[in-house]
Amino acid sequence: MTSSAGFFLSFEGSEGCGKSTQIRLLRERLERAGSQVEVLREPGGTAVGEEIRHLLQHAKAGEGMSSEAELLLFAASRAQIVREKIRPLLEAGAVVILDRFLDSTTVYQGMARGLPLESVRAINAFATGGTLPHLTLVLDMDPALARQRIQASGRPLDRMESQPLAFFEKVRAGYLKLAAEDPQRILLVDAARSPEMIHEEVWTQVQSRSRHAL
């Protein structure tokens, strides 16, 4: 089970939904309120995880990777960050904000890639060892609009961002399904609004769940 000493929050959503902006705004506000905040990302967040991230997203060697290998690499990165970073930080009373966690794997590799959900969930459970976020915020928006945002940024697309639009439509449907199945932990946030409006909703939700935001 997740340690009760700290507060563990994950942000989820398709590429281009604005996670980075919302994580930055929340971190700044929590720090102004006096909280110890650590922001981590998945895959990544550790030396092992960052090597895996490069292989998954940018390395030429990752081209043609099987969906099963992709799933296991994400799980390997997750197993390391849980034990090296997340659990110690929570035990120290920190607020841990994670840019993606196990729900990304359930949605991307399970629901969008079509791998057996029972297997995906079993691998996720093994990797996390029962460590789950207290709150998961899914920044929800139309995949076509999200893609327009990415294209407008002018930066090159990584391997995941290069998937066809139909893939991201499955991703969105997957997140909506997860939120319906676990409404106590997973909350949908309309990400088509202004960053300021989204942040205020995020802040309200965090305040209602965590003593760190009070």
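See the structure above.
First things first, this report covers the structure right here in the doc.

About the cut-offs
Residues numbered from 1 in each chain as written. Predicted model: local features only at pLDDT ≥ 70, side-chain atom pairs only at ≥ 80, totals over all residues. Heavy atoms only, no water. Buried < 20%, exposed > 50% of the residue type's maximum accessible area, 1.4 Å probe, protein only. Helix = DSSP H or I, 4+ residues; strand = E, 2+ residues; numbered from the N terminus. Arc of directions from axis to C-beta. Contact = heavy atoms within 4.5 Å. Polar contact = N/O pair within 3.5 Å; in protein donor to acceptor, adjacent residues only side chain to side chain. Core = buried A, V, L, I, M, F, W, Y, C linked by side-chain atoms within 4.5 Å. Expected span 1.5 Å × (residues − 1). Salt bridge = Lys/Arg side-chain N within 4 Å of Asp/Glu carboxyl O.

1. Examining helix α2 (residues 47-57)
No. 1: Three or more residues of α2 are buried, namely G49, I52, R53, L56 and Q57. Viewed along the axis of α2, the buried residues span an arc of 115°, placing them on a single side of the element. Opposite its buried face, α2 presents the exposed residues A47 and E51, each directed more than 90 degrees away.
No. 2: Buried positions along α2 lie against β2 (37-41) and α3 (67-91).

2. Focus: the side chain of S77
No. 1: Position of S77 among the secondary structure elements: in helix α3.
No. 2: In terms of polar contacts, S77 uses its side chain to reach the backbone amide nitrogen of G44, at 3.1 Å.
No. 3: Once residues within four sequence positions are removed from consideration, S77 is found in contact with E42, P43, G44, G49 and I52.

3. A few points about the nonpolar core
No. 1: With 22 residues, the main nonpolar core has L9, F11, L26, I97 and L137 as its most contacted residues.
No. 2: Tallying contributions element by element places helix α8 (residues 195-209) first for this core, with 4 residues.
No. 3: Once you skip the residues sitting within four places of it in the chain, L137 turns out to touch L9, S10, F11, E12, L187, V189, V202 and Q205.
No. 4: Grouped together as the second largest cluster of nonpolar side chains are 13 residues, Y108, F167, F168 and Y175 included.

4. Re α8
An α-helical segment advances 3.6 residues per turn. Residues three or four places apart therefore align on the same side.
No. 1: Along its 15 residues, α8 runs 21 Å from first to last C-alpha, staying within 8% of the 21 Å computed at 1.5 Å per residue.
No. 2: Inspection of α8 places I198, H199, V202, W203 and V206 among the buried residues, and these make up the whole buried set. For α8, the buried positions fall inside an angular range of 135° around the axis, keeping them on one side.
No. 3: Where α8 is buried, its residues contact β1 (7-12), α1 (19-32), β4 (135-140) and β5 (186-190).

5. Comments concerning the pattern of salt bridges
Side chains that differ in sign of charge can pair as their charged atoms come close.
No. 1: With the rule as written, the count across this model stands at 16 salt bridges.
No. 2: Between R100 and E15 there is a salt bridge, with its nearest N and O atoms 3.5 Å apart. In this pair, R100 sits in the loop between β3 (95-99) and α4 (102-112) while E15 sits in the loop between β1 and α1, placing the two residues 85 residues apart along the sequence.
No. 3: R172 is paired through a salt bridge with D140; the nearest N and O atoms lie 2.8 Å apart. Residue R172 is located in helix α7 (residues 165-181), and its partner D140 is located in strand β4; the two are separated by 32 residues in the primary sequence.
No. 4: On the accessibility criterion, R172 (27% relative accessible area) is partly exposed.
No. 5: Here the salt bridges share partners, and the residues they tie into one network are E12, E15 and R100.

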